[in-house]
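# Observations on the three-dimensional arrangement
One-letter residues, chain by chain:
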Amino acid sequence: MAAMFKALADPVRLRLLSRVASHPNGEACVCDIADVGVSQPTVSHHLKKLREAGLLTSERRGTWVYYRPAPGILASLGEFLADTEKAGKEDLSLAAQVS
């Protein structure tokens with residue numbers, strides 16, 4: 001999980017993952033998501049980092065590469081964050097009882 005969140009710590013990568021995940025059909029061509037305020041080679045670099053972190057998968061079709069969230073990854077991230085929030089609330093509750 002740490003590697004995934006490290007990859008998402010960059011605002012451009014977070015924006016790219018969001019664009020892919022919210023794109024119709026659950027996948028996006030790099031040509032559809034590349035307008036994130038950085039050059040095309042930088043977009044490619046960030047997409048590579050997201051793939052290496054296990055957040056995205058890719059498939060080449062002709063000259064374009066299509067990206068989609070890795071299977072189950074969005075649910076896993078959501079569950080992790082929900083568990084973290086629950087644990088934080090329990091810690092606060094215990095701290096209030098001790099006070």
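See the structure printed just above.
So, here is what we can say about the structure in this document. (Residues numbered from 1 in each chain as written. Predicted model: local features only at pLDDT ≥ 70, side-chain atom pairs only at ≥ 80, totals over all residues. Heavy atoms only, no water.)

## A short note on the overall build of the chain
Inclusion rule: The secondary structure listing takes helices from DSSP runs of H or I that are at least 4 residues long and strands from runs of E that are at least 2 residues long, numbered from the N terminus. Buried residues are those whose accessible area, probed at 1.4 Å on protein chains only, stays under 20% of the maximum for their type, while exposed residues exceed 50% and partly exposed ones sit between those limits. By the convention used here, residues are in contact when the closest approach between their heavy atoms is within 4.5 Å. For every accessible area listed, the method is Shrake-Rupley and the probe measures 1.4 Å; residues are considered covered only by the protein chains on display.
Per the secondary structure count, the chain includes five helices and three strands. A buried classification covers 27% of the 99 residues belonging to the chain. Of the contacts made within the chain by residues no fewer than 6 positions apart, 53% connect residues no fewer than 24 positions apart. Of the roughly 6,300 Å² that the chain leaves accessible, carbon and sulfur atoms contribute 57%.

## Re the pairing of strand E2 (residues 56–61)
Defined as follows: For two strands to be treated as a pair, DSSP must find at least two bridges joining them.
As defined by bridge partners, E2 adjoins strand E3 (residues 64–69) across six bridges and the pair is classed as antiparallel. Bridged to Leu56 within E3 is Pro69.

## Looking at the nonpolar core
We count it as follows: Buried Ala, Val, Leu, Ile, Met, Phe, Trp, Tyr and Cys residues form a nonpolar core when they are joined through side-chain atoms within 4.5 Å.
One finds Leu16, Leu47, Leu50, Leu55, Leu56 and Tyr67 to be the most contacted residues of the largest nonpolar core, which totals 22 residues. Sorting the residues of this core by element identifies helix H1 (2–8), helix H2 (11–22), helix H3 (30–33), helix H4 (40–52), E3 and helix H5 (73–98) as the ones contributing at least two each. Ranked by residue count, the leading element in this core is H2, at four residues. If sequence neighbours within four positions are ignored, Leu16 has contacts with Ile33, Val36, Val43, His46, Leu47 and Leu50.

## A word on the environment of Arg61
Within the fold, Arg61 resides in strand E2. Expressed as a C-alpha distance, the spacing of Arg61 and Cys29, which sit 32 residues apart in the sequence, is 9.3 Å. When sequence neighbours within four positions are dropped, the list of residues in contact with Arg61 reads Glu27, Tyr66 and Arg68.

## A few points about the pairing of E3
Side chains Val65, Tyr67 and Pro69 project from E3 onto a buried face, and the interleaved Trp64, Tyr66 and Arg68 project onto a face without burial. Pairing analysis gives two bridges linking strand E1 (residues 28–29) to E3, with the strands arranged antiparallel. Considered in E3, the bridge of Cys29 is made with Tyr66. Turn length for the E2-E3 hairpin, with the two strands adjacent in sequence and antiparallel, is two residues, and the turn residue Gly62 shows positive phi of about 65 degrees.

## Focus on the pattern of salt bridges
Defined as follows: The working definition used for a salt bridge is a side-chain nitrogen of Lys or Arg within 4 Å of a carboxyl oxygen of Asp or Glu.
For the structure shown, the criterion picks out six salt bridges. Its salt-bridge partner being Lys49, residue Glu52 comes within 3.7 Å of it at the nearest N-O pair. In this pair, Glu52 and Lys49 both sit in helix H4, three residues apart, roughly one turn of the helix. Put simply, Arg68 and Glu59 hold a salt bridge, and the shortest N to O gap is 3.6 Å. A cluster of three or more residues bridged by salt bridges with shared partners is formed by Glu27, Glu59, Arg61 and Arg68.

By themselves, these observations are geometric and do not establish any function.
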